[in-house]
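Summary of structural features
Residue strings, one per chain:
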Amino acid sequence: MRIGLFTAQKADSFVHRLSGITKLICFLVLTGAVMFSYDIRVIICVMVFSFIVLKISKITFSQIKLMLIYVVIFLAVNAMLTFFFAPGYGTEIYGTRHVFLKLFGNYDVTSETLFFIVTKFMKYASVIPLGMIFLLTTDPSELASSLNAIGVHYKAAFAFALTLRYFPDIQRDYKDISQAQQARGLEMSNKAKFWDRFKRALSIILPLILSTLDRIETITNAMDLRGFGKFKKRTWYRRRKLTKEDIFALLISLVILTATIIISVFINHSRFYNPFI
Amino acid sequence: MDKKPIIVFRDFSFQYFSQSQPTLHDINLEIYQGEKIMIAGPSGSGKSTLGHCLNGLIPFSYKGEIKGSLKINDIESSEQNIFKLSKSIGTVLQDADGQFIGLSVGEDIAFSMENDCVALPEMKKRVDEVAKMVDMDRWLSSSPYELSGGQKQRTELAGVMIDDVDILLFDEPLANLDPATGKQAIEIIHDIHEESDKTIIIIEHRLEDVLHRRVDRIIVLDEGRIIADIDSHSLVSSDILIKTGIREPLYITALKYAGIDINKRLKPGYISTLTINEKTKKKVQTWYKSIKKQEHAKSNTLILEMKGISFSYVKDKEVLHDIGFEITEGEMLSLIGRNGAGKSTIAKLLCGFEKEGKGKIYYLSDDIADKSIKERAERIGFVMQNPNQMLSQPMIYDEVALGLKLRQVSEEEIKIRVKKVLDICGLAPFTNWPVSALSYGQKKRVTIASILVLDPKVLILDEPTAGQDYRHYTEIMEFLLKINKTGVTVILITHDMHLMLEYTPRSIVLTDGNLISDTLASVVLTSPDIIDAANLKETSLYQLAQMTGIEDETSFVQCFIDYERQVKAK
């Protein structure tokens with residue numbers, strides 16, 4: 001059976017051994033660093049770093065292939081839109097104008113805008129592997145306990161974790177229901193007309209919702225009966241004590257963030273790195 | 001009794017706000033500390049509602065009007081909340097799968113302590129202790145997907161016992177378990193009762209299975225009232241079971257057929273206490289010899305044939321190995337085995353939902369490898385276990401007509417065929433009803449009708465009677481028998497031993513993807529090896545045969561089946 005898109009994988013690696021809180025904080029800190037800086041040198045460093053971590057955490061290419069495809073498409077569209085809406089944005093930022101390629105009207109491709117777009121592309125491209133690492137190496141319960149640790153209410157955190165927890169079950173239900181409906185004669189090919197496809201989707205989703213509601217009622221009762229929501233706080237069985245490894249990981253992230261800020265403040269004197277002056 | 005009552009109902013009644021009639025009437029009941037009580041009754045008798053009142057789901061989750069008083073540990077329950085109640089009553093719900101909250105065994109056991117804000121070191125220690133009590137300590141980091149039904153249930157039990165509750169409430173603990181696991185569950189409950197002074201309440205309708213071990217009292221509910229508060233010997237000697245539609249133990253039925261007067265002196269409440277004297281022995285033997293064996297007329301037309309079928313979902317992990325069997329037209333047979341043995345996979349291959357790796361499937365001696373799901377459905381129909389997963393239309397007529405509409409059958413023909421099927425299924429009066437207004441059993445019929453309308457020659461049903469009480473079970477099965485008599489071949493995927501015994505002369509047994517036996521149901525249920533491999537248990541008829549000195553137990557079971565068919569046919 002196909003493994004869910006965001007299902008955490010069991011494996012043993014340095015990254016898997018880290019506590020969920022560590023991973024969440026590292027993810028937020030590194031994302032902060034990359035979002036803050038528009039210095040492509042820093043960004044490339046972080047990107048290289050995140051791919052190394054991806055390798056360490058034993059995530060295979062096939063696991064993230066689908067996600068990667070979506071991300072690349074999204075980023076490409078994003079880059080194009082940036083160019084079409086503001087072809088002169090690079091000049092505004094960097095103060096110079098080197099025309100690289102002449103197009104129609106004022107749609108000249110300038111080196112500055114191109115540079116800006118590439119920088120932005122790199123920014124996302126370096127954060128996304130980090131996100132994938134976080135999702136794929138942290139199981140839902142740990143995720144919930146980490147979210148709770150950084151201030152999210154435990155009910156919200158738990159609801160989020162339960163959704164991920166039931167994702168494979170609902171996926172299986174969906175498969176069963178869709179097979180049964182195909183046997184009834186539902187055409188699953190994409191040749192059908194829009195209205196037929198809409199009706200088709202409805203005849204799978206209705207039973208899916210009904211059986212999911214049954215599930216929800218059972219789990220709610222089970223949780224009520226075992227005291228969920230009794231106090232304003234709760235403890236977490238899966239919360240791990242921070243180890244040396246955790247401190248190490250946190251330190252590295254902090255070093256990267258500090259370095260980014262220092263480079264911006266003392267070397268670039270701005271969030272942007274300007275190679276054009 | 002010198003012990004003090006721990007639960008006291010006084011003139012208690014309850015009515016759901018959504019119902020026009022009270023579900024429980026005038027309940028007066030005392031349960032003493034350390035007692036082991038069974039609450040029995042058919043579906044809709046109010047036994048689950050009674051359980052909800054005890055554990056606080058009523059009125060916490062299900063709203064309604066309460067009259068009278070219910071005291072637990074001398075405190076009026078309406079003055080408590082569900083959280084306080086959960087510290088004195090622990091509930092194990094019937095669906096162990098659905099109530100598995102955590103992602104691992106340890107986490108699930110700890111759930112209640114997490115909510116109590118217990119510090120981590122203490123929590124871990126206590127989880128280890130309780131896990132040991134139910135023999136799950138080696139599985140603490142396993143996820144629910146890696147566990148068997150019985151292991152899940154034991155995890156639930158540990159999750160409840162972690163609070164050191166006084167009362168353990170089991171709401172239909174046997175509903176989703178195979179016979180062998182169900183038997184173990186009853187033994188575990190018994191052991192806990194022996195080793196502690198906990199009060200045990202078991203809500204069930206499967207009397208014989210619960211009576212595998214001693215219970216102190218049985219409370220029988222019918223239509224919201226307590227109609228008996230009785231010990232097991234008196235209960236099986238009375239006519240209460242027949243009147244309420246609870247299935248009586250099979251050995252009792254057999255003894256009655258043999259003309260033996262069941263009374264308390266025989267100690268008939270448990271098969272282990274049943275006393276059989278020479279006179280009884282003689283009577284049973286005479287009856288056994290008098291039964292005319294039924295000849296099963298068999299058609300010669302092969303309708304389905306599987307030859308050398310192997311299949312795997314994931315590479316190198318075969319779930320079916322070299323399966324081969326033949327089914328003749330008009331048969332009614334059962335496909336049995338533990339969870340994960342490959343029963344459902346066979347059904348999926350037959351319907352074309354999955355594609356066989358190796359081997360061939362023949363339908364009326366045609367290879368059907370190139371037939372699509374849609375085309376196969378006109379020959380082999382599949383009915384899922386949960387009707388809610390199949391019903392997609394709001395109205396019954398539309399639901400049944402759907403398969404024909406999608407096949408562009410003309411409007412007039414649809415009308416004729418739907419009417420015919422609804423007549424067969426006894427649903428004609430409901431033609432224009434909304435599906436949501438139907439009971440579970442009626443919904444089941446609608447799903448069967450919606451498959452039958454395509455006129456398949458073979459019908460496969462996945463656990464058609466799961467979770468049904470005796471009356472509904474009989475209703476569904478007699479209905480399927482009727483369908484079978486019209487010439488449709490019926491294949492039942494099941495755990496239910498009664499079903500095998502009473503309705504399917506032939507059983508195919510699978511274990512770990514291997515076909516280990518293909519023979520008479522009476523042989524399967526009296527062969528220790530097969531029973532063990534398929535997680536079944538011995539029928540009490542087998543034990544009765546031994547107790548009455550009948551050497552050929554298999555033949556005795558077969559005679560019982562034949563006799564019962566003849567009685568029912570009259």
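Residues numbered from 1 in each chain as written. Chains lettered and ligands numbered in written order. Predicted model: local features only at pLDDT ≥ 70, side-chain atom pairs only at ≥ 80, totals over all residues. Heavy atoms only, no water.

Right, let's talk about the overall build of chain A for a bit. When helices and strands are counted, chain A shows ten helices and two strands. Secondary structure elements of chain A, listed N to C terminal, follow the sequence α-α-α-α-α-β-β-α-α-α-α-α. Here the C-alpha atoms of chain A give a radius of gyration of 24 Å, more than 25% beyond the 19 Å that 2.2 N^0.38 yields for 277 residues. A principal-axis box enclosing the C-alpha atoms of chain A has dimensions of 65 × 55 × 35 Å. The 277 residues of chain A split such that 44% are buried. (Helix = DSSP H or I, 4+ residues; strand = E, 2+ residues; numbered from the N terminus. Rg over C-alpha atoms; globule rule 2.2 N^0.38 Å. Buried < 20%, exposed > 50% of the residue type's maximum accessible area, 1.4 Å probe, protein only.)

For the rest of this paragraph, the subject is the overall build of chain B. When its secondary structure is counted, chain B shows 23 helices and 20 strands. Over its C-alpha trace chain B gives a radius of gyration of 25 Å, about what one expects of a compact globule, namely 25 Å for 570 residues. Projecting the C-alpha coordinates of chain B onto the three principal axes gives extents of approximately 70 × 60 × 50 Å. Counting across all 570 residues of chain B, residues that qualify as buried make up 59%. Long-range pairs, those at least 24 residues apart, make up 70% of the contacts in chain B with a sequence separation of at least 6. (Contact = heavy atoms within 4.5 Å.)

Here the focus is the pattern of salt bridges. Counted by the stated rule, this structure contains 42 salt bridges over all chains. Salt-bridge contacts for B:Glu129 lead to B:Arg126; the nearest nitrogen and oxygen are separated by 3.1 Å. Within this pair, B:Glu129 and its partner B:Arg126 are both found in helix 5 (residues 120-133), separated by three residues, close to a single helical turn. Here B:Arg506 and B:Asp518 are joined by a salt bridge, their closest N and O atoms 2.8 Å apart. Placement of the pair is B:Arg506 in strand 19 (residues 506-511) and B:Asp518 in strand 20 (residues 514-520), with a sequence separation of twelve residues. Note on B:Arg506: relative accessible area 11%, which makes it buried. Here the residues in one salt-bridge network are A:Asp169, A:Arg172, A:Asp173 and A:Arg215, joined through shared partners. (Salt bridge = Lys/Arg side-chain N within 4 Å of Asp/Glu carboxyl O.)

How big an interface is tends to be reported as the loss of accessible area on association of its parts. At the interface, 52 residues of chain A touch 69 residues of chain B. Summing the contributions of chain A and of chain B, the shared interface buries around 5000 Å²; its carbon and sulfur component is 55%. The largest contributions to the chain A side of the interface with chain B come from A:Arg184, A:Arg226 and A:Tyr237, which together make up 22% of the buried area. Taken together, the links from chain A to chain B amount to eight salt bridges. Close ionic contact of B:Glu399 with A:Arg184 constitutes a salt bridge, the shortest N to O distance being 2.8 Å. Elements with a minimum of two residues in the side of chain A that touches chain B: helix 7 (140-149), helix 8 (154-184) and helix 9 (194-225) of chain A. Its residues placed into classes, the side of chain A that touches chain B shows 21 nonpolar, twelve polar and 19 charged. (Buried area = accessible area lost by both parts, 1.4 Å probe. Nonpolar A, V, L, I, M, F, W, Y, C, P; charged D, E, K, R; others polar.)

So, on to the packing of helix 4 (residues 105-115) of chain B against helix 5 of chain B. The description of two helices packed together rests on the angle between their axes and the distance between the axes. Residue and element names in this part refer to chain B. At their nearest, the axes of helix 4 and helix 5 sit 10 Å apart, and the two run at 125° to each other. Taken together, the axes of helix 4 and helix 5 lie oblique to each other. Handedness of the helix 4/helix 5 crossing: right-handed. Counting all contacts with helix 4, which are made through Gly106, Ile109, Ala110, Met113 and Glu114, the residues of helix 5 involved are Met123, Arg126, Val127 and Ala131. Looking at side-chain class alone, the contact of helix 4 with helix 5 contains six nonpolar, one polar and two charged residues. (Axes fitted to C-alpha atoms, helices over the stretch in contact; angles between N-to-C directions. Parallel < 35°, antiparallel > 145°, perpendicular 65-115°, else oblique. Left-handed = near helix turned anticlockwise from the far one by under 90°.)

What follows covers the side chain of A:His16. Residues and elements named next belong to chain A. Checked against the element boundaries, histidine 16 lands in helix 1 (residues 14-17). Classification of histidine 16 as buried rests on a relative accessible area of 10%. In terms of polar contacts, histidine 16 uses its side chain to reach the side chain of serine 13, at 2.8 Å. (Polar contact = N/O pair within 3.5 Å; in protein donor to acceptor, adjacent residues only side chain to side chain.)

Looking now at the packing of aromatic side chains. The final tally for this structure, using the stated rule, is 32 aromatic pairs over all chains. Taking the centre distance of 5.8 Å and the plane angle of 15° together, the rings of A:Phe228 and B:Phe111 count as stacked. One end of the pair, A:Phe228, is in the loop between helix 9 and helix 10 (244-268); the other, B:Phe111, is in helix 4, on a second chain. When its relative accessible area of 1% is taken as the criterion, B:Phe111 is described as buried. Ring centres 4.9 Å apart and planes at 85° place the aromatic pair B:Phe311 and B:Tyr313 in the edge-to-face group. Note on B:Phe311: relative accessible area 5%, which makes it buried. (Phe/Tyr/Trp six-rings, centres within 6.5 Å; stacked < 30°, edge-to-face > 60°.)

Quick look at helix 23 (residues 553-569) of chain B now. Quick reminder: α-helices carry 3.6 residues per turn. Residues three or four places apart thus point the same way. With 17 residues, helix 23 of chain B should cover 24 Å at 1.5 Å per step; its first-to-last C-alpha distance of 24 Å lies within 8% of that length. Within the span of helix 23 of chain B, buried status applies to B:Glu553, B:Ser555, B:Phe556, B:Val557, B:Gln558, B:Cys559, B:Phe560, B:Ile561, B:Asp562, B:Glu564 and B:Arg565. (Expected span 1.5 Å × (residues − 1).)

In terms of domain boundaries, chain A breaks down into domain 1 (1-139 + 241-277) and domain 2 (150-237). With centres defined by C-alpha atoms, the gap from domain 1 of chain A to domain 2 of chain A works out at 33 Å. (Domains from an automatic or database assignment.)

This brings us to unusual backbone geometry. For the peptide bond that leads from B:Ile58 to B:Pro59, omega is 5°, which places it in the cis range. When you line up the elements, B:Pro59 lands in helix 2 (residues 57-60). Of note, the phi angle at A:His269 is positive, near 55°, even though the residue is not glycine. As for its position among the elements, A:His269 is in the segment after helix 10. Looking at A:His269, the relative accessible area reads 63%, which means it is exposed. At B:Asn535, a position not held by glycine, the phi torsion is positive, near 55°. Mapped onto the elements of the fold, B:Asn535 is located in the loop between helix 21 (528-533) and helix 22 (540-547). B:Asn535 gets classed as buried once you look at its relative accessible area, which sits at 13%.

All names here are of chain B. The antiparallel open sheet is built from four strands, whose spatial order is 12-11-14-15. Each edge of the sheet is formed by a strand with only one pairing partner; in this case those strands are strand 12 (317-328) and strand 15 (366-367). Inspection of the sheet shows strand 11 (residues 302-314) paired to strand 14 (residues 358-363) by five bridges, in the antiparallel sense. Paired with lysine 307 across the two strands is lysine 360, which belongs to strand 14. Packing of helix 13 (residues 343-351) onto the sheet brings it into contact with strand 11, strand 12 and strand 14, and relative to strand 11 it is tilted by some 115°. (Pairing = 2+ DSSP bridges.)

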